[in-house]
Amino acid sequence: MLALRVVPKIFYFDTFKEFNEEFNVGERDVLVTNEWMYTPYVAPLGINTNVIYQEQFGSGEPSDEMIDAMTKKINEFDYDRIIAFGGGTIVDICKILALDVPEKSVDLFTGAVAPKKVKKLVVVPTTCGTGSEVTNVAIAELKSLHTKKGLAVEETYADAAVLIPESLGGLPDYVFATSSIDALIHAIESYLSPKASVFTEMYSLKAIEMIMDGYKKILEKGNTKENRLPYLKDFAIASNYAGIAFGNAGCAAVHALSYSIGGAFHVPHGEANYQFFTEVFKMYVRKHPNGKIVKANQIFADILGCDVKDVYEELDKFLGQLIVKKPLREYGMTEAQIDQFTQSTIENQQRLLANNYVQLSPEEIREIFQNLY
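Let me begin by describing the structure that accompanies this report.

### Observations regarding the packing of aromatic side chains
Summed over the entire model, instances satisfying the criterion amount to 22 aromatic pairs. Measuring from centroid to centroid gives 4.8 Å for Phe19 and Phe23, while their planes differ by 35 degrees, and the two rings are tilted. Placement of the pair is Phe19 and Phe23 together in helix α1 (residues 16-23), with a separation of four residues, close to one helical turn. Assigned by exposure class, Phe19 and Phe23 land together as buried. Here Phe277 and Phe281 contribute two aromatic rings whose centre-to-centre distance is 5.1 Å and whose plane-to-plane angle is 85 degrees, an arrangement assigned as edge-to-face.

Below is the structure:
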């Protein structure tokens, strides 16, 4: 069994200036970013390169419509390399833009068109959550199919992953919370994965430790940009560790169920994951209480200083200081959609559901939606 694989080369720089000195961004590149990231970090360097601002093509998380529009724009340039300088939306879109994109990008996600990589891709994440810089997963909302779906193939790996803590400095409180909680869930889901190895577990456990320890220190003073500054390097690295772990071992039901409200109500990915996190784990405990989840629960209990029987309640209290957990109906979900989302999850998320700590029946998936409704 393959125990660990890290495909992109991983680079670390304290600043974008240091990154540019080594990577020489120039006329044969297309920099895909946001104007609010370009202005403070790139503009002062006077770099002569082609630039696309993602926000000009839509807001929120990636969609096939956004990808199609950006494909038309990037085809206007003569270039060899894409530099993705942004959050999960930009990173996932650029993984697709580096391919030979058909007229309708949805065909790549459904398998109607085989992926073929035609451009080099350098990923510089500006959030501390997706870990997407080291995975081959690109996720998009497929508007015509009313769901979210991931493309996970060899061709969607980046050629280089670059960590620059400086670029996390401007994260709003909410974005920091949603992205870092996403990384935490990557870490714990990959730890429980049937595909986990002693090597992936090492990355999972270190990511959990770094994120939870960082939260403790930040929450003592308040979740503000100023209070986070000393810990940005830790969160950038922890997100990367979690990405390496889930890129090898995979995620599971928390992610699978979260795509329902993410696609239907445009809930940011990290927030959607958090809504399902402890409820899915309670179901795991009910089905297989004496397995590896015993270790997982003890890890969190030790960090939180609580009795293991109270671990999920205490986790919700602790993480609730960063993100509010609320009933799914508050997002606009109706009772009739419990069955609809259950069926959609089963039909569209088999790649993730097959990777569960313990397999969940359709009735149990429905029960999770019902409990959270």
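Structure's up, so let's keep going.
### Some thoughts on the layout of surface pockets
To find leftover empty space, one rolls a probe the size of a water molecule over the atoms. What the second largest pocket holds in volume is close to 250 Å³. In terms of lining residues, the second largest pocket is bounded by 18 residues, among which His146, Thr147, Ala264, Phe341 and Ser344 are the most central. The set of elements that each furnish at least two residues to the lining of the second largest pocket consists of β6 (137-142), β7 (147-152), α10 (253-265) and α14 (337-348).

### Quick notes on helix α3 (residues 64-74)
Among the residues making up α3, those that are buried are Asp64, Met66, Ile67, Asp68, Met70, Thr71 and Ile74. Tucked inside the fold, the buried residues of α3 contact β2 (29-33), β3 (50-53), β4 (81-86), α4 (88-97), α5 (106-110) and β6.

### Some remarks on the packing of helix α12 (residues 293-304) against helix α13 (residues 311-319)
The contact between α12 and α13 brings their axes to 10 Å, and the two run at 50 degrees. The orientation of α12 relative to α13 falls into the category oblique. Note that α12 runs across α13; the crossing there is left-handed. Every residue of α13 that contacts α12 at Ile293, Asn297, Phe300, Ala301 and Leu304 is listed here: Val311, Tyr312, Glu314, Leu315 and Phe318. Looking at the contact of α12 with α13 residue by residue, the class counts come to eight nonpolar, one polar and one charged.

### Overview of empty space enclosed by the protein
All told, the structure shown has one cavity of 30 Å³ or more when counted by the stated rule. Computed from the structure, the largest cavity encloses a volume of approximately 50 Å³. Around the largest cavity sit Pro125, Thr127, Cys128, Glu133, Leu163, Ile164, Ser167, Leu168, Ala236 and Ser239, which together line it. Looking at the lining of the largest cavity residue by residue, the class counts come to six nonpolar, three polar and one charged.

### Quick notes on the sheet that holds β4
With parallel pairing, six strands are arranged side by side in an open sheet as β1-β8-β5-β4-β2-β3. A strand with exactly one partner marks an edge of an open sheet, and here the two such strands are β1 (9-12) and β3. Between one strand axis and the next, the sheet turns through 20 degrees on average, direction left out of account. Examined bridge by bridge, β1 and strand β8 (residues 160-163) share four bridges and lie parallel to one another. Across the sheet, Ile10 pairs through a bridge with Ala161, a residue of β8. Sitting on the sheet, α3 is in contact with β2, β3 and β4, with an inclination near 160 degrees to β3.

### Describing the nonpolar core
Membership of the largest hydrophobic core comes to 79 residues, with the highest contact counts inside it found for Tyr215, Leu257, Phe276, Phe281, Tyr284 and Leu319. Residue contributions to this core peak at 10 residues, all from helix α6 (residues 173-192).

### A look at the packing of helix α11 (residues 269-287) against α13
Two elements in contact, α11 and α13, have axes whose closest approach is 11 Å; the angle formed by their N-to-C orientations is 170 degrees. Judged by the inter-axis angle, α11 sits roughly antiparallel to α13. Residue-level contacts link Tyr274, Phe277, Thr278, Phe281, Lys282 and Val285 of α11 to Tyr312, Leu315, Asp316 and Leu319 of α13.

### Observations regarding unusual backbone geometry
Of note, Asn24 is a non-glycine position whose phi angle comes to about 50 degrees, a positive value. With respect to the helices and strands, the residue Asn24 is situated in the loop between α1 and β2. A positive phi angle, near 55 degrees, is found at His266, a position not held by glycine. Here His266 shows up in the loop between α10 and α11. A relative accessible area of 53% places His266 in the exposed class.

### Quick notes on the side chain of Thr33
Mapped onto the fold, Thr33 is located in strand β2. Among all residues touching Thr33, those that are not within four sequence positions of it are Tyr38, Val51, Ile52, Tyr53, Gln54, Glu55, Phe85 and Ile90.

### Focus: the environment of Pro327
Of note, Pro327 is situated in the loop between α13 and α14. Spatially, the C-alpha atoms of Pro327 and Phe235 are 29 Å apart, while their sequence positions differ by 92 residues. Ignoring any residue separated from it by four or fewer positions in sequence, one finds Pro327 in contact with Leu372 and Tyr373.

### Looking at α6
When the terminal C-alpha atoms of α6 are compared, their 29 Å separation across 20 residues agrees well with the 28 Å that a helix rising 1.5 Å per residue should span. Among the 20 residues of α6, 17 are classified as buried, and the element is accordingly described as predominantly covered.

### Brief notes about the pairing of strand β5 (residues 120-125)
The element β5 is largely enclosed, with a buried count of five among its six residues. Where β4 lies against β5, six bridges are found, and the strand directions are parallel. When the bridges of β5 are listed, Arg81 appears paired with Lys120. Relative to β8, β5 runs parallel, the two being bridged by two bridges. By the bridge assignment, Val123 is partnered in β8 with Ala161.

Cut-offs and rules
Residues numbered from 1 in each chain as written. Predicted model: local features only at pLDDT ≥ 70, side-chain atom pairs only at ≥ 80, totals over all residues. Heavy atoms only, no water. Phe/Tyr/Trp six-rings, centres within 6.5 Å; stacked < 30°, edge-to-face > 60°. Helix = DSSP H or I, 4+ residues; strand = E, 2+ residues; numbered from the N terminus. Buried < 20%, exposed > 50% of the residue type's maximum accessible area, 1.4 Å probe, protein only. 1 Å grid on protein atoms, 1.4 Å probe; cavity = no way out; pocket = protein on both sides within 12 Å on 5 of 7 lines; lining within 4 Å. Points joined across faces, edges and corners; volume = space filled by probe spheres on them. Contact = heavy atoms within 4.5 Å. Axes fitted to C-alpha atoms, helices over the stretch in contact; angles between N-to-C directions. Parallel < 35°, antiparallel > 145°, perpendicular 65-115°, else oblique. Left-handed = near helix turned anticlockwise from the far one by under 90°. Nonpolar A, V, L, I, M, F, W, Y, C, P; charged D, E, K, R; others polar. Pairing = 2+ DSSP bridges. Core = buried A, V, L, I, M, F, W, Y, C linked by side-chain atoms within 4.5 Å. Expected span 1.5 Å × (residues − 1).

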